[in-house]
Amino acid sequence: MVIAEATTVKLSEIDAVLKQVNALFPNAATKDTNGSLVVANDKLVDVANYLKDDLAADYCSSVTSVDYPDRFEVVYHLYSVSKQEGPLVMKAHADKGNPIVPSMVSVWAGANLQEREVYDMMGIRFAGHPNLKRVLMWEGFEGYPLRKDYKEPYYEEEKKPYDSRHPGGHHQRAEERVPWGKNVQYPAGFDPDEMTVIKTENLPLVDALDLRAGRFKTDRFIVNMGPQHPSTHGVFQMRITLDGETIVDLEPVMGYLHRNHEKIGERNMWLMNMPFTDRLDYICSMGNNLGYALAVEKLMGVEVPERAQYIRVIMAELTRIANHFWAIGFLLNDLGAFFTPSLYAIEERELILDLFEMTAGSRMMCNYMRFGGIAADLPEEFLPLCHDLVYNRMNRKIDEMDTYLSQNEIVLARGKGIGILPPDMAINYSTAGPVLRGSGVPYDVRRAQPYSIYDRFDFKVCTRSEGDVYARYAVRLDEMRESVNILKQAMNQLPAGPIMGGRKAWQIRVPKGEAYGRVENPKGELGFFVVSDGSANPYRYHVRATSYINLNVLGELCKGHTVADVVAILGSIDIVLGEVDR
Amino acid sequence: MAETNGHTSPISLIDDEDQFIIEQVKQSVLVTTVDKLIDLVDNINNWGRRSSLWPMQFGLACCAIEMICTAASRYDISRFGAELFRPSPRQADFMIVSGTVTKKMVPQIVRLYNQMPEPKYVISMGACATGGGPFKEGYNVVSGIDKYIPVDVYVPGCPPTPQALLHGLMTLQAKIDNESIRTARWYRSGEVEEAPIPILGPDIIDVRQIPDIRAEAMRVRAATQTVGGTATDRPDSTSTATAAKTLKVDGHAVSPKGKTAPPLSAERLAQVKSLKKT
Ligand code: SF4
């Protein structure tokens with residue numbers, strides 16, 4: 001009887017879900033004050049399977065953890081892609097002494113890298129995880145940085161603003177305060193001679209089974225690509241196991257740009273994080289600003305005035321165009337069209353950056369959004385220039401790209417049928433953005449859960465069904481056209497009025513609670529999970545980085561292909577290392 | 001041309017009379033022609049090098065995006081002869097450290113620097129590469145690449161605009177213009193020392209600091225051990241050999257030359273011995 005009802009239960013209705021779960025698994029779940037489903041550890045896998053199979057919670061958007069004084073909390077944000085609804089916030093508790101939680105990788109493969117990150121940052125172990133080792137820091141690093149009791153070498157005080165920086169205090173250079181004159185700390189009594197350097201094995205692996213069976217086989221060997229490699233789009237490394245020329249395994253290795261975004265974010269005050277979000281996905285700073293502002297506004301409950309809403313959308317869509325130009329230019333670069341297409345692409349991006357510079361004051365690091373609005377109104381020259389760009393230039397340039405590239409023999413040969421991602425796998429691996437839509441899944445946060453004022457615009461969710469490199473390229477091209485469409489509508493409707501809502505305050509205090517704000521950034525779903533304890537600093541600040549999570553699927557996509565295809569596949573996923581490593 | 005080279009010191013600075021005469025003789029007799037020749041060689045050499053600086057294709061973070069923009073359509077770095085970004089350090093003349101230097105990445109950066117042929121230069125682009133920038137307080141961030149390799153030009157900004165990077169490039173060119181084969185360190189006899197590659201342990205270890213860290217470890221150990229313990233009665237020869245063995249990374253011994261490692265603790269020694277037996 002209960003099961004028959006299941007199809008009608010919505011994920012976002014926590015009480016109904018709770019009733020269902022408890023009817024099937026007695027005493028498995030409770031509801032906490034934030035309206036999330038807290039599941040007992042021993043029932044976690046069963047409940048997760050039930051949620052996925054019967055309630056269609058097929059998409060595990062984000063996995064993260066919070067360090068409370070009495071417990072660790074692992075937080076899962078679940079959505080339904082097939083029913084286009086959600087969220088359901090599921091939680092599991094782990095005790096402080098020996099935190100272990102069952103792994104969700106068998107249910108949602110997309111949890112893989114995220115659980116590794118939780119382990120790396122907070123030391124929570126996941127029972128049954130296939131490859132639980134450090135991901136952002138190196139193996140052998142001392143401590144779990146995101147735990148509240150971890151103090152970094154340059155530690156000054158628990159929370160900003162630091163007293164030592166005030167007029168009365170005397171600020172010292174950080175280097176002069178610490179023992180080694182550098183940003184380092186060693187455990188007490190650490191002796192470098194007794195250290196064992198943990199190294200990953202790089203020797204050729206002969207397949208012993210094949211040898212014994214007397215089968216002739218080429219040797220397997222490992223190729224390290226990166227972290228300094230022209231095609232890895234930054235400091236990203238891939239350990240590729242080859243059998244002859246065929247890839248049998250690929251493991252992404254990251255963390256070379258891990259800049260401790262979240263730890264710094266938890267020391268910062270709320271608004272101080274805004275410029276740091278610029279540096280996440282540094283090609284789309286406006287989009288990141290929007291995501292963070294939305295998450296905090298959810299907690300604060302401020303109204304954003306109409307004009308600011310429209311300007312936000314204009315900026316976000318301009319960012320999308322700039323990003324896709326960049327992505328297509330560099331995908332072509334990876335395919336061997338060395339720099340000619342990207343020169344054309346960068347030219348268009350420069351024009352958009354000009355608009356950002358005249359509005360926000362900076363080309364790349366815009367720091368433009370505020371909680372409740374935006375930092376500055378548009379300058380006079382903005383609209384005529386933007387109008388010219390949108391109406392007279394962009395579409396022409398996008399068509400130009402299309403004409404020259406889309407039917408190009410090399411693009412077709414190297415893009416079609418390479419790195420195919422089936423739709424169910426795309427959902428299961430939590431991919432987002434053009435990667436997901438390139439596999440024929442019509443999921444776009446702007447449409448599925450409209451934020452800001454996206455429900456007022458008429459636009460298509462662009463998809464391609466092939467799921468290969470070429471499809472992802474084509475989705476980007478189509479999305480740019482849609483963005484031009486949205487821009488036209490937004491500029492026509494742009495009202496006059498104030499640009500900041502809410503009360504003016506010197507210091508922003510955010511009411512107690514937790515919120516998850518997500519936006520459809522050019523690279524996919526970007527989420528911010530914030531927990532406030534009512535003070536001037538976030539208690540927990542987590543970024544659901546879409547580039548990072550999209551990499552879950554990289555190994556699967558590359559298997560069976562050759563090294564040259566890896567470059568194309570990676571280019572088509574379109575990662576940016578600032579966001580991968582944070 | 002002679003003024004720029006700095007080796008012809010103004011006469012007024014020399015007060016000693018003998019010195020003055022020697023200077024005079026040097027300037028007017030014999031040496032003059034050689035000097036002039038060297039100046040000429042310097043000029044041609046420097047002109048050639050400054051006009052075709054090949055950067056290493058190597059981006060770290062956000063600043064790398066601005067670096068690419070500098071190389072691209074609008075700012076066109078090839079006006080300065082520096083458009084040939086080489087993916088291999090062996091072919092590069094200078095390295096633009098464009099972005100946040102993290103502890104996990106710095107061994108690779110130092111290795112790449114060591115692999116570049118001389119003459120080589122480093123431009124530190126942006127606040128992060130210069131001093132840690134906005135992320136300085138982070139636990140995985142190195143406060144400036146100059147803690148590990150020498151830097152020639154610092155470009156401030158976060159990110160520096162392409163114009164600023166171009167200005168940095170011009171500053172580097174001016175620096176090269178003022179070089180002379182008489183003084184440049186890579187033309188002197190003897191080997192130019194490699195920058196030591198740091199190791200990743202529980203935190204990053206600067207190889208030059210190992211003696212200090214070791215001394216500190218000894219101090220802590222002495223403080224915690226009971227008086228009259230086993231601290232002194234250890235055979236030194238075995239321990240040094242073991243220490244040298246454990247400290248090899250990638251086949252390079254990382255223990256600084258000429259320093260012998262202090263003895264191992266008794267427990268550790270027992271451990272090593274039992275390992276040898278099995
Ligand atoms: S200086 Fe600024 S722009 Fe450059 S890498 Fe650092 S944070 Fe990014």
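Residues numbered from 1 in each chain as written. Chains lettered and ligands numbered in written order. Predicted model: local features only at pLDDT ≥ 70, side-chain atom pairs only at ≥ 80, totals over all residues. Heavy atoms only, no water.

Draft legend 1. Summary view of the site of the ligand. The local shell around the ligand holds 16 residues, among which Cys 62, Cys 63, Ala 127, Cys 128 and Cys 158 of chain B are the closest. Neighbouring residues of the ligand are not confined to a single chain but are spread across chains A and B. If one sorts the elements of the shell around the ligand by residue count, helix H6 (residues 126-131) of chain B sits on top with three residues. Across the shell around the ligand, the residue classes tally to 10 nonpolar, four polar and two charged. (Near = heavy atom within 4 Å. Helix = DSSP H or I, 4+ residues; strand = E, 2+ residues; numbered from the N terminus. Nonpolar A, V, L, I, M, F, W, Y, C, P; charged D, E, K, R; others polar.)

Draft legend 2. Just the nonpolar core, in detail. Judged by nonpolar contacts, the single largest core of 223 residues is most densely connected at Leu 51, Tyr 76 and Tyr 282 of chain A. Residues from two domains meet in this core; each of domain 1 (2-127) and domain 2 (261-581) of chain A gives at least three. Core analysis: the second largest hydrophobic core is formed by 22 residues, Ile 77, Val 153, Leu 169 and Leu 172 of chain B among them. (Core = buried A, V, L, I, M, F, W, Y, C linked by side-chain atoms within 4.5 Å. Buried < 20%, exposed > 50% of the residue type's maximum accessible area, 1.4 Å probe, protein only. Domains from an automatic or database assignment.)

Draft legend 3. Up close: helix H10 (residues 306-334) of chain A. For H10 of chain A, built from 29 residues, the straight-helix expectation of 42 Å at 1.5 Å per residue is met to within 8% by its first-to-last C-alpha distance of 42 Å. Counting buried positions over the 29 residues of H10 of chain A gives 28, a clear majority of the element. (Expected span 1.5 Å × (residues − 1).)

Draft legend 4. Representation of the packing of aromatic side chains. All chains considered together, the criterion is met by 19 aromatic pairs over all chains. Measuring from ring centre to ring centre gives 5.6 Å for Tyr 68 of chain A and Tyr 539 of chain A, while their planes differ by 10°; the resulting arrangement is stacked. In this pair, Tyr 68 of chain A sits in the loop between strand E3 (59-67) and strand E4 (72-80) while Tyr 539 of chain A sits in strand E15 (residues 538-544), placing the two residues 471 residues apart along the sequence. Each member of the pair, Tyr 68 of chain A as well as Tyr 539 of chain A, carries the same accessibility label: buried. With a centroid separation of 6.4 Å and an interplanar angle of 75°, the aromatic rings of Tyr 454 of chain A and Phe 459 of chain A are classed as edge-to-face. In textbook terms, an aromatic cluster arises when at least three aromatic residues are bridged by ring pairs, as seen for Tyr 310, Tyr 451, Tyr 454, Phe 457 and Phe 459 of chain A. Residue placement shows Lys 151 of chain A over the ring face of Tyr 155 of chain A; its charged tip is 5.0 Å from the ring centre. For the cation-ring pair, Lys 104 of chain B lies above Tyr 256 of chain A, with the distance from its terminal atom to the ring centre recorded as 5.2 Å. (Phe/Tyr/Trp six-rings, centres within 6.5 Å; stacked < 30°, edge-to-face > 60°. Lys NZ or Arg CZ within 6 Å of the ring centre and 35° of its normal.)

Draft legend 5. Structural context of the sheet that holds strand E10 (residues 246-253) of chain A. Residue and element names in this part refer to chain A. The strand order across the open sheet formed by three strands is E8-E9-E10, and the pairing between neighbours is antiparallel. The open sheet has two edge strands with one neighbour each: strand E8 (220-225) and E10. Across the sheet, the axes of successive neighbouring strands diverge by a mean angle of 20°, strand direction being ignored. With six bridges joining them, E8 and strand E9 (residues 237-243) adopt antiparallel strand pairing. Looking across to E9, one finds that Ile 222 is bridged to Thr 241. Sitting on the sheet, helix H20 (residues 563-573) touches E8, E9 and E10, and the angle it makes with E9 is about 145°. (Pairing = 2+ DSSP bridges. Axes fitted to C-alpha atoms, helices over the stretch in contact; angles between N-to-C directions. Contact = heavy atoms within 4.5 Å.)

Draft legend 6. The interface of chain B and chain A, seen in detail. Facing the 65 residues of chain B at the interface are 66 residues of chain A. Where chain B packs against chain A, one counts five salt bridges. In this structure, the salt-bridge partner of Lys 182 of chain A is Asp 206 of chain B, at a minimum N-O distance of 2.5 Å. Inspection of the chain B/chain A interface yields 24 residue pairs in polar contact (both at pLDDT 80 or more). (Salt bridge = Lys/Arg side-chain N within 4 Å of Asp/Glu carboxyl O. Polar contact = N/O pair within 3.5 Å; in protein donor to acceptor, adjacent residues only side chain to side chain.)

Draft legend 7. Structural detail: the domain arrangement of chain A. Residue and element names in this part refer to chain A. Domain assignment breaks chain A into domain 1 (2-127) and domain 2 (261-581). Contacts between the two partners involve 35 residues from domain 1 and, on the opposite side, 27 residues from domain 2. Both sides of the domain 1 and domain 2 interface together cover about 2400 Å² of buried area, and 51% of this is carbon and sulfur. Interface area lost by domain 1 to domain 2 is led by Tyr 59, Gln 84 and Leu 113, which between them contribute 25%. At the junction of domain 1 with domain 2, the criterion picks out one salt bridge. We note a salt bridge from Glu 514 to Lys 91, for which the minimum N-O separation is 2.9 Å. For the pair domain 1 and domain 2, the interface holds 20 residue pairs in polar contact (both at pLDDT 80 or more). Those elements that provide at least two residues to the side of domain 1 that touches domain 2 are E3, E4, strand E5 (85-94) and helix H4 (111-122). Examining the composition of the side of domain 1 that touches domain 2, we find that nine residues originate from one element, E3, more than from any other. Here the side of domain 1 that touches domain 2 is composed, by residue class, of 15 nonpolar, 13 polar and seven charged. (Buried area = accessible area lost by both parts, 1.4 Å probe.)

Draft legend 8. Summary view of the confidence of the model for chain B. Residues and elements named next belong to chain B. The predicted model of chain B has a mean per-residue pLDDT of 75, with 72% of residues at 70 or higher. Note on residues 1-6: pLDDT is under 50 here. Beyond four places in sequence and across chains, it has 11 contacts. Per-residue pLDDT stays below 50 along residues 227-262; that stretch engages in 47 contacts with residues further than four places along the chain or on separate chains. Our summary of model confidence lists the complex with pTM equal to 0.83 and ipTM equal to 0.86. (pLDDT = per-residue confidence, 0-100.)

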